[in-house]
Amino acid sequence: FPYAASLCEDLEHKYVRYQAIRGSLKRYVVSKVSVIYLSSVLVMVLGSMVFVAYCRTQGPWANGEDLGPYVNGVYERLVESGHYGWYCAFYALQLGFLAGILSVLSALFSLYITNKVTVFALPVLIYKVVLDKTGSGMYTVLVFRAYNKPFEKEWQCLLFVFAISAAFAAALAWGIYRKLKARM
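Given the structure is predicted, the values throughout are model-derived calculations rather than measurements.

A. Focus on the overall build of the protein. When helices and strands are counted, the protein shows eight helices and zero strands. Moving toward the C terminus, one meets the helices and strands of the protein in the order α-α-α-α-α-α-α-α. Going through the 184 residues of the protein one by one, you find that 38% of them count as buried. On the protein, roughly 11,100 Å² of surface is accessible, and the fraction owed to carbon and sulfur atoms is 65%.

B. Representation of helix H8 (residues 154–183). Given a rise of 1.5 Å per residue, 30 residues ought to cover 44 Å, and the 43 Å separating the end C-alpha atoms of H8 matches this to within 8%. On its buried face, H8 is in contact with helix H1 (6–12), helix H3 (25–58), helix H5 (76–80) and helix H6 (84–110).

C. View of the nonpolar core. Judged by nonpolar contacts, the single largest core of 33 residues is most densely connected at Leu7, Leu25, Tyr28, Val29, Val104, Ile176 and Leu180. Examining the composition of this core, we find that eleven residues originate from one element, H6, more than from any other. Setting aside its immediate chain neighbours within four residues, Tyr28 contacts Leu7, Asp10, Tyr15, Val16, Gln19 and Leu180.

D. Fine view of the packing of H3 against H8. Contact geometry of H3 with H8 gives a least axis separation of 10 Å together with a crossing angle of 135 degrees. Classified by the angle between their axes, H3 and H8 sit oblique to one another. Of the two possible hands of crossing, H3 and H8 adopt the one that is right-handed. Residue-level inspection shows Leu25, Lys26, Tyr28, Val29, Val33 and Tyr37 of H3 in contact with H8, the latter providing Phe162, Ser165, Ala166, Ala169, Ala173, Ile176, Tyr177, Leu180 and Lys181. Among the residues making up the contact of H3 with H8, the classes are represented as twelve nonpolar, one polar and two charged.

E. Looking closely at the environment of Thr118. Mapped onto the secondary structure, Thr118 falls in helix H7 (residues 116–131). The partly exposed category is assigned to Thr118, whose relative accessible area is 30%. Sequence separation of Thr118 and Ser106 is twelve residues, and the distance between their C-alpha atoms is 9.4 Å.

F. Expanded view of the packing of aromatic side chains. As enumerated under the stated definition, the model contains five aromatic pairs in all. Seen in terms of ring centroids, Tyr15 and Tyr18 are 6.1 Å apart; in terms of plane orientation they differ by 40 degrees. Their pairing is tilted. Placement of the pair is Tyr15 and Tyr18 together in helix H2 (residues 15–22), with a separation of three residues, close to one helical turn. Looking at Tyr18, the relative accessible area reads 46%, which means it is partly exposed. Pairwise contacts between aromatic rings join Tyr15, Tyr18 and Tyr28 into one cluster.

G. Examining the environment of Ser48 more closely. Tracing the backbone shows Ser48 in helix H3. With 40 residues separating them along the chain, Ser48 and Cys88 place their C-alpha atoms 7.7 Å apart. Ignoring sequence-local partners within four residues, the contact set of Ser48 consists of Val43 and Ala92.

H. Expanded view of a nonpolar patch on the surface. A cluster of nonpolar side chains, namely Trp155, Leu159 and Phe162, defines an oily patch on the protein surface of about 340 Å² accessible area. On the secondary structure map, Trp155 appears in helix H8.

Definitions and limits used
- Residues numbered from 1 in each chain as written.
- Predicted model: local features only at pLDDT ≥ 70, side-chain atom pairs only at ≥ 80, totals over all residues.
- Heavy atoms only, no water.
- Helix = DSSP H or I, 4+ residues; strand = E, 2+ residues; numbered from the N terminus.
- Buried < 20%, exposed > 50% of the residue type's maximum accessible area, 1.4 Å probe, protein only.
- Areas by Shrake-Rupley, 256 points an atom, 1.4 Å probe, with all protein chains shown as cover.
- Expected span 1.5 Å × (residues − 1).
- Contact = heavy atoms within 4.5 Å.
- Core = buried A, V, L, I, M, F, W, Y, C linked by side-chain atoms within 4.5 Å.
- Axes fitted to C-alpha atoms, helices over the stretch in contact; angles between N-to-C directions.
- Parallel < 35°, antiparallel > 145°, perpendicular 65-115°, else oblique.
- Left-handed = near helix turned anticlockwise from the far one by under 90°.
- Nonpolar A, V, L, I, M, F, W, Y, C, P; charged D, E, K, R; others polar.
- Phe/Tyr/Trp six-rings, centres within 6.5 Å; stacked < 30°, edge-to-face > 60°.
- Patch = residues over 30% accessible without salt bridge, like charges linked within 9 Å, V, L, I, M, F, W, Y side chains within 5 Å.
- Salt bridge = Lys/Arg side-chain N within 4 Å of Asp/Glu carboxyl O.

Here is the structure:
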């Protein structure tokens, strides 16, 4: 979320106009959305791995009886072979794709909402209240969970999740482009 308010700051200081004259508005939006998305994914993966490394210094990786839900998921071969660190890294990558979507969504909200606290809180609220419900009739983000295995191969599952995430990010980038074009 650190880049969410950057679009408003760029509009306030007329940096968007400068970039549109110098290059194009499309390039500006693509580069801004790419930086927001990739930094969110990177922060999620690195932050998760630092947390996992810290937890690893406090105790063993896993207890033999507690592996039930993880053995039936996407990266079950990694868990079965004892590569828990790689499992955590790939799972953090999948959740990083979701974090990237939420960060770009926050950037889109910043073009409509001037209150920065609301801009930062709204994607979290949308995730917790609307998307994270697993009941019938509710939207779900189970595709980003490691225990959901839509394909047989792990790389296919990871590619599928990335494709969904990239499609959402592209749709949000299109929304950002339309709003910036209207404001200029």
